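In case you want the letters, here they are:
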Amino acid sequence: MKIYLQLFWTFFKIGLFTFGGGYAMLPLLQDEVVRKKGWASENDLMDYYSLGQCTPGIIAINVATFIGYYRAGKSGATAATLGIVTPSVIVITLIAAVLQKFMANPYVAHAFEGISLAVVALIADMLLDLGRKNIRDWLTAAVFVIALGLMVIAGWSPAAVVLAAIAAGLIPQREKKQ
Amino acid sequence: MIYLILFWEFFKIGLLAVGGGLATLPFLFELAEKYPWFDVKTLTDMVAISESTPGPLGVNMATYAGFSAAGISGGIVATLGLVVPSLLIIILLAKVMNRCRENCRVQRVFYFIRPAVVALILGASWHLAKLAVFDAKTALICLGMFAAVHYFKRSPILYICAGAVLGIVLKL
């Protein structure tokens, strides 16, 4: 029982002090999980990240599940995952409840108009970064253009686009083998 | 009933949103159009609040969207929906991890998924940008913000606070 509580509490703390995406979590994980608890090595952590990135789901959740699972099986995975999401659920619920009451206030409304410009700028920067990392050659550029076309012109749902990309990736590649 | 729909919709997001928390954005955009839970305009508020509060971005967005749809229990149900596919897949995968890692077919699939996800995020954020940027003044501020984000790479919270101050001062 103790290990499950430890896993929950450790990941609760990590969830509470992570701002932003799963990568912001890395230094906290190194400190708590590698240095203090010794639950994983630095290399393990890198492996979990590269797998967490290429498995479905949010990276932060995937990494927490990996560490919890290797530490204490299925229940350990569940404890770690619940730990990492609990702070979000509490904090966001409180903020959303308060905010919905104040949205009618003109100052709050002006503030959020300004914030939405900052958000667009932040997303643009993240997109640029993602694009540079993932669109590296003609093939990936073609996938990008086709996916954009399917979404914008053909009106496909995001799920359909992702499934189509998976299907395209599964088609055996001939040229390389010859 | 709404809880079942919420759980299912976020289960799908957890299953298909590959990559960072931002990858959930196109899916949330679709939800905004499909259900009366929240509108597209509130998506930028969600991103702002999710970025500037503790917790992984994707989880925060799910909780916020679920809360907007059906209150406190809605937030919990949406978050659980998002988490369950990860739990199931990782538990299954952890056993065969090393074999899977070197499997080039798996890597090839992700080689195809990632640029598609970039396209999806671009599509969804284009709509958000159109709502936020509606005249020369907002366009100028947004460009300035982008330059600041791109060259200084400070914490997003800083830019979000700056945006709030600018919004109040300039009465946007």
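The shown structure was predicted, so the numbers you read here are calculated from the model rather than taken from an experiment.

## Brief notes about the overall build of chain A
Looking only at helices and strands, one finds 7 helices and 2 strands in chain A. Shown N-terminal to C-terminal, the secondary structure of chain A runs as helices and strands in the order α-β-α-α-β-α-α-α-α. By the compact-globule yardstick of 16 Å for 178 residues, chain A is too spread out, its C-alpha radius of gyration being 20 Å. Along the longest, intermediate and shortest principal axes, the C-alpha atoms of chain A span 55 × 55 × 25 Å. When burial is assessed residue by residue, chain A has 48% of its 178 residues classed as buried. Long-range pairs, those at least 24 residues apart, make up 44% of the contacts in chain A with a sequence separation of at least 6. Looking at chain A as shown, the accessible area adds up to about 8700 Å², and 67% of this sits on carbon and sulfur atoms.

## Concerning the nonpolar core
If you look at the biggest cluster of nonpolar residues, it comprises 116 residues, and the most contacted ones within it are A:Phe11, A:Leu29, A:Ile67 and B:Phe10. For this core, the leading source of residues is helix α4 (residues 57–101) of chain B, giving 18 residues. Split by domain, this core shows at least three residues from each of two domains, domain 1 (2–102) and domain 2 (116–177) of chain A. Dropping the residues within four chain positions of it, A:Ile67 is found in contact with A:Phe11, A:Leu29, A:Val33, A:Trp39, A:Leu45 and A:Tyr48.

## Structural notes on the interface of chain A and chain B
With 90 residues of chain A in contact, the opposing surface of chain B contributes 91 residues. Both sides together, the interface formed by chain A and chain B hides about 8400 Å², and carbon and sulfur atoms give 77% of it. The interface formed by chain A and chain B holds 2 salt bridges in total. Applying the counting rule to chain A against chain B returns 11 residue pairs in polar contact (both at pLDDT 80 or more). Elements with a minimum of two residues in the side of chain A that touches chain B: α1 (2–17), β1 (19–20), α3 (42–53), β2 (57–58), α4 (59–102), α5 (106–134), α6 (138–152) and α7 (158–170) of chain A. No other element matches the 25 residues that α4(A) contributes to the side of chain A that touches chain B. Partitioning the side of chain A that touches chain B into residue classes produces 59 nonpolar, 24 polar and 7 charged. For β1(A) and strand β2 (residues 55–56) of chain B, the ladder comprises 2 bridges, and the chain directions are parallel. Bridge pairing in β2(B) places A:Gly20 opposite B:Pro56.

## Here's the deal with the side chain of A:Thr65
On the secondary structure map, A:Thr65 appears in helix α4. Taking relative accessible area as the criterion, A:Thr65 reaches 0% and is therefore assigned buried. Polar side-chain contacts of A:Thr65 include one of 2.7 Å to the backbone oxygen of A:Ile61. Contact partners of A:Thr65, with chain neighbours within four places excluded, come to A:Ala77, A:Thr81, B:Ser86, B:Leu87 and B:Ile90.

## Looking at helix α1 (residues 2–16) of chain B
End to end, α1(B) covers 21 Å across 15 residues, agreeing with the expected 21 Å (1.5 Å per residue, within 8%). Within the span of α1(B), buried status applies to B:Leu6, B:Glu9, B:Phe10, B:Phe11, B:Ile13, B:Gly14 and B:Leu16.

## Digging into the packing of aromatic side chains
Residues and elements named next belong to chain A. Applying the stated rule across the entire model yields 10 aromatic pairs over all chains. Taking 5.7 Å as the distance between ring centres and 15° as the angle between the ring planes, the aromatic pair formed by Trp 9 and Phe 12 counts as stacked. You can see Trp 9 and its partner Phe 12 sitting in helix α1, 3 residues apart, about one turn around the helix. Among the residues examined, Trp 9 registers a relative accessible area of 49% and is labelled partly exposed. Given a relative accessible area of 18%, Phe 12 falls into the buried group.

## Here we look at the domain arrangement of chain A
Taken domain by domain, chain A consists of domain 1 (2–102) and domain 2 (116–177). Here domain 1 of chain A and domain 2 of chain A have C-alpha centroids that lie 27 Å from each other.

## Details of the packing of helix α3 (residues 40–52) of chain B against helix α7 (residues 156–169) of chain B
Residues and elements named next belong to chain B. Between α3 and α7, the least distance of the axes is 9 Å, while the angle of their chain directions is 135°. Looking at the two axes, α3 sits oblique to α7. Taken as a pair, α3 and α7 cross one another with a handedness that is left-handed. Across the interface between the two elements, Ala 48, Glu 51 and Ser 52 from α3 touch Pro 156, Ile 157 and Ile 160 from α7.

## Let's talk about the packing of α1(A) against α4(A)
Residue and element names in this part refer to chain A. For the pair α1 and α4, interaxial distance at closest approach is 7 Å and the crossing angle is 45°. As judged from the angle between their axes, α1 and α4 are oblique. For the pair α1 and α4, the sense of crossing is right-handed.

## Comments concerning the pattern of salt bridges
A complete count under the given rule lists 10 salt bridges over all chains for this structure. The residue A:Lys36 makes a salt bridge to A:Asp31 at a minimum N-O spacing of 3.3 Å. For A:Asp125, the salt bridge is made with B:Lys153, and the minimal N-O distance between the two is 3.1 Å. With A:Asp125 in helix α5 and B:Lys153 in the loop between α6 (136–152) and α7, this residue pair bridges two chains.

Conventions and cut-offs
- Residues numbered from 1 in each chain as written.
- Chains lettered and ligands numbered in written order.
- Predicted model: local features only at pLDDT ≥ 70, side-chain atom pairs only at ≥ 80, totals over all residues.
- Heavy atoms only, no water.
- Helix = DSSP H or I, 4+ residues; strand = E, 2+ residues; numbered from the N terminus.
- Rg over C-alpha atoms; globule rule 2.2 N^0.38 Å.
- Buried < 20%, exposed > 50% of the residue type's maximum accessible area, 1.4 Å probe, protein only.
- Contact = heavy atoms within 4.5 Å.
- Areas by Shrake-Rupley, 256 points an atom, 1.4 Å probe, with all protein chains shown as cover.
- Core = buried A, V, L, I, M, F, W, Y, C linked by side-chain atoms within 4.5 Å.
- Domains from an automatic or database assignment.
- Buried area = accessible area lost by both parts, 1.4 Å probe.
- Salt bridge = Lys/Arg side-chain N within 4 Å of Asp/Glu carboxyl O.
- Polar contact = N/O pair within 3.5 Å; in protein donor to acceptor, adjacent residues only side chain to side chain.
- Nonpolar A, V, L, I, M, F, W, Y, C, P; charged D, E, K, R; others polar.
- Pairing = 2+ DSSP bridges.
- Expected span 1.5 Å × (residues − 1).
- Phe/Tyr/Trp six-rings, centres within 6.5 Å; stacked < 30°, edge-to-face > 60°.
- Axes fitted to C-alpha atoms, helices over the stretch in contact; angles between N-to-C directions.
- Parallel < 35°, antiparallel > 145°, perpendicular 65-115°, else oblique.
- Left-handed = near helix turned anticlockwise from the far one by under 90°.

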